[in-house]
Amino acid sequence: MAGDLEVEIKAPAAVKTLSKTNVKPKKTIGRKECQLVTFDLPYLGFFYNQKLLIYNGGENFDEIFQGLKDGLAIVLEEFYQLAGKLDKDEDGIFKVVYDDEMEGVEIVSAAAPEMEVAELTAEEGTSKFKHLLPYNGVLNLEGIHRPLLAVQLTKLKDGLAMGCAFNHAILDGTSTWHFMSSWAEICNGADSISGPPFLERTKVRNTRVKLNLSKPSDAPEHANAVANGGDAEAKSKPTLREKVFKFPGDAIEKIKAKANAASPEKPFSTFQSLSAHIWQAVTHARGLVPEDYTVFTVFADCRKRVSPPMPDTYFGNLIQAIFTVTAAGLILAHPPEFGAGLIRTAIESHDSAAIEKRNTEWESQPIIFQYKDAGVNCVAVGSSPRFKVYDVDFGFGRPESVRSGLNNRFDGMVYLYPGKIGGTSIDVEISLEASAMEKLEKDKEFLMEA
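About the cut-offs
- Residues numbered from 1 in each chain as written.
- Predicted model: local features only at pLDDT ≥ 70, side-chain atom pairs only at ≥ 80, totals over all residues.
- Heavy atoms only, no water.
- Helix = DSSP H or I, 4+ residues; strand = E, 2+ residues; numbered from the N terminus.
- Rg over C-alpha atoms; globule rule 2.2 N^0.38 Å.
- Buried < 20%, exposed > 50% of the residue type's maximum accessible area, 1.4 Å probe, protein only.
- Contact = heavy atoms within 4.5 Å.
- Areas by Shrake-Rupley, 256 points an atom, 1.4 Å probe, with all protein chains shown as cover.
- Pairing = 2+ DSSP bridges.
- Axes fitted to C-alpha atoms, helices over the stretch in contact; angles between N-to-C directions.
- Expected span 1.5 Å × (residues − 1).
- Salt bridge = Lys/Arg side-chain N within 4 Å of Asp/Glu carboxyl O.
- pLDDT = per-residue confidence, 0-100.

### Observations regarding the overall build of the chain
Thinking step 1. Of regular secondary structure, the chain possesses ten helices and 15 strands.
Thinking step 2. Computed over the C-alpha atoms, the radius of gyration of the chain is 22 Å, within 12% of the 22 Å expected from 2.2 N^0.38 for a compact globule of 450 residues.
Thinking step 3. Across its three principal directions, the C-alpha atoms of the chain cover 60 × 50 × 45 Å.
Thinking step 4. Across the 450 residues in the chain, those meeting the buried criterion constitute 55%.
Thinking step 5. Taking contacts inside the chain between residues at least 6 apart in sequence as the whole, the part at least 24 apart equals 78%.
Thinking step 6. For the chain, the exposed surface amounts to about 18,900 Å²; the carbon and sulfur share of it is 50%.

Listed below in structure tokens is the structure:
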């Protein structure tokens, strides 16, 4: 583990960087290599996946920061890929490599003495997050020369902000929260983690796919960002707004009951019911004409869909986008069970054969994902209320709020998280064009206030 390095990093007066260091696995690992597979490669052209966890308290900041570094060094013995770099082999095939000589995970301490927890747990906006998060506007492809994980711990006036940036080319949401919960386990005194990661990603797919990517400008979203002013969060026209809508358990049960009002032979799940509720409301807020197409996209976990199934602890990307499309007029004219039925059919039909077909097609003509690939007038759902994000307690309490960062946001992107209040509550974090958001936040039927 490297010692702390005092650095001069320019940031607004509100956030001052105190130190910057790197953390490597505590024990010697040697050199380890693992090829990136078909499930990983499309994300090279996206940006680092950011998560921001807000905590109350944190008076013993220096002690907490040291404890996090010590715990990180131990947990990286299992999750050593996060301390590595991206690379290519002699055939130009991307791989993730760890070597004991590499710098490891970047970890920064900072202070924002005038910033309060309440400012960051507000339901509206993300602009205040920018200087609490590492790697804004940094492409996953840049993991060739940057750490694959960067962490910033910021001392607030009355709490802590932990900003994390994960290279999405090497892990998905399931793996992200597996790592975070494992790190928290160690910080709470566990001798070892309860579920070691399954690191052999080529067990699920071993096709060698060469991509003509070597620098950021080769990635479509980099070109799009530059065209919009130079970085990932540059505001294009029209302007996006972000907001979190908090649905308590009783509202979720009402949404589910509404979708199942016709007593279908197989009841719709909470996810299907809530997704249909969001899809219908966003379509209405956008003011689409009846013949406009609208796409619902969900990034689905495929660990149990592939053949043979992979363990829950599989470390990597094992997700695929599942699409369903219909006319806006049909979504708006029918009760929620219509949309829920379309979503269920799409999800249930995405079995191992469908996954194999998608992979084979992509491997024959590889395409680096762009946001527009989510579909026209889309509602695209990522994250999951099943992720136990509020159980990530490093020894100084459970988070007050968990939010996604500024990277990888576009019109119609939705992140689902469990509600802080527990039970069946769900937080719905939506990015939407400003005029549509204005209509959505006044929609009493969507808000379950009608």
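### Considerations on the sheet that holds strand β6 (residues 105-112)
Thinking step 1. A sheet is described by the order of its strands in space; here six strands give the open sequence β1-β6-β7-β8-β3-β13, paired in mixed fashion. Edge strands, defined here as strands with exactly one partner in the open sheet, are β1 (16-23) and β13 (401-404). The average angle at which neighbouring strand axes cross in this sheet is 15°, direction not considered.
Thinking step 2. Examined bridge by bridge, strand β7 (residues 149-156) and strand β8 (residues 159-166) share seven bridges and lie antiparallel to one another. Looking at the pairing, glutamine 152 lines up with glycine 163 of β8.
Thinking step 3. Against the sheet, helix α1 (residues 61-75) contacts β1, β6, β7 and β8, and its axis sits at roughly 165° relative to β6.
Thinking step 4. Against the sheet, helix α3 (residues 173-187) makes contact with β3 (49-56), β7, β8 and β13, and its axis sits at roughly 135° relative to β8, the strand it touches most.

### Overview of helix α6 (residues 270-286)
Thinking step 1. Between its first and last C-alpha, α6 extends 24 Å over 17 residues, near the 24 Å set by a 1.5 Å rise per residue.
Thinking step 2. With 14 of 17 residues buried, α6 is to be regarded as a mostly interior element.
Thinking step 3. Just downstream of α6 lies glycine 287, where phi reads positive at about 65°.

### Details of the pairing of strand β11 (residues 319-327)
Thinking step 1. Judged by how many residues are buried, β11 sits mostly within the fold: seven of nine residues are covered.
Thinking step 2. Sheet topology note: the strand β10 (residues 293-301)/β11 ladder contains nine bridges and is antiparallel. From the neighbouring strand, threonine 294 faces β11, where its bridge partner is threonine 326.

### So, the sheet that holds strand β14 (residues 413-418)
Thinking step 1. Strand order in this open sheet of six strands is β9-β15-β14-β12-β10-β11, and the pairing throughout is mixed. Strand pairing shows two members of the sheet lacking a second neighbour, β9 (240-247) and β11, which therefore form its edges. The sheet shows a mean angle of 20° between the axes of neighbouring strands, direction not considered.
Thinking step 2. Helix-sheet contacts for helix α8 (residues 336-348) involve β10 and β11, and the interaxial angle to β11 is about 145°.

### Notes on the pattern of salt bridges
Thinking step 1. Inspection of every chain in the model, using the stated rule, returns 31 salt bridges.
Thinking step 2. With its nearest N and O atoms 3.9 Å apart, the salt bridge here joins lysine 203 to glutamate 200.
Thinking step 3. With a shortest N-O distance of 3.8 Å, arginine 398 and aspartate 391 are connected by a salt bridge.
Thinking step 4. A network of salt bridges, in which partner residues are shared, links Arg31, Glu33, Lys95 and Asp99.

### Digging into the confidence of the model for the chain
Thinking step 1. When pLDDT is averaged along the chain, the result is 92; 92% of the residues meet or exceed 70.
Thinking step 2. For the stretch residues 1-13, pLDDT sits under 50, and the model shows 23 contacts to residues farther than four places along the chain or on other chains.
Thinking step 3. Across residues 229-236 the pLDDT falls below 50, and counting only partners more than four positions away or on other chains, this stretch makes 17 contacts in the model.

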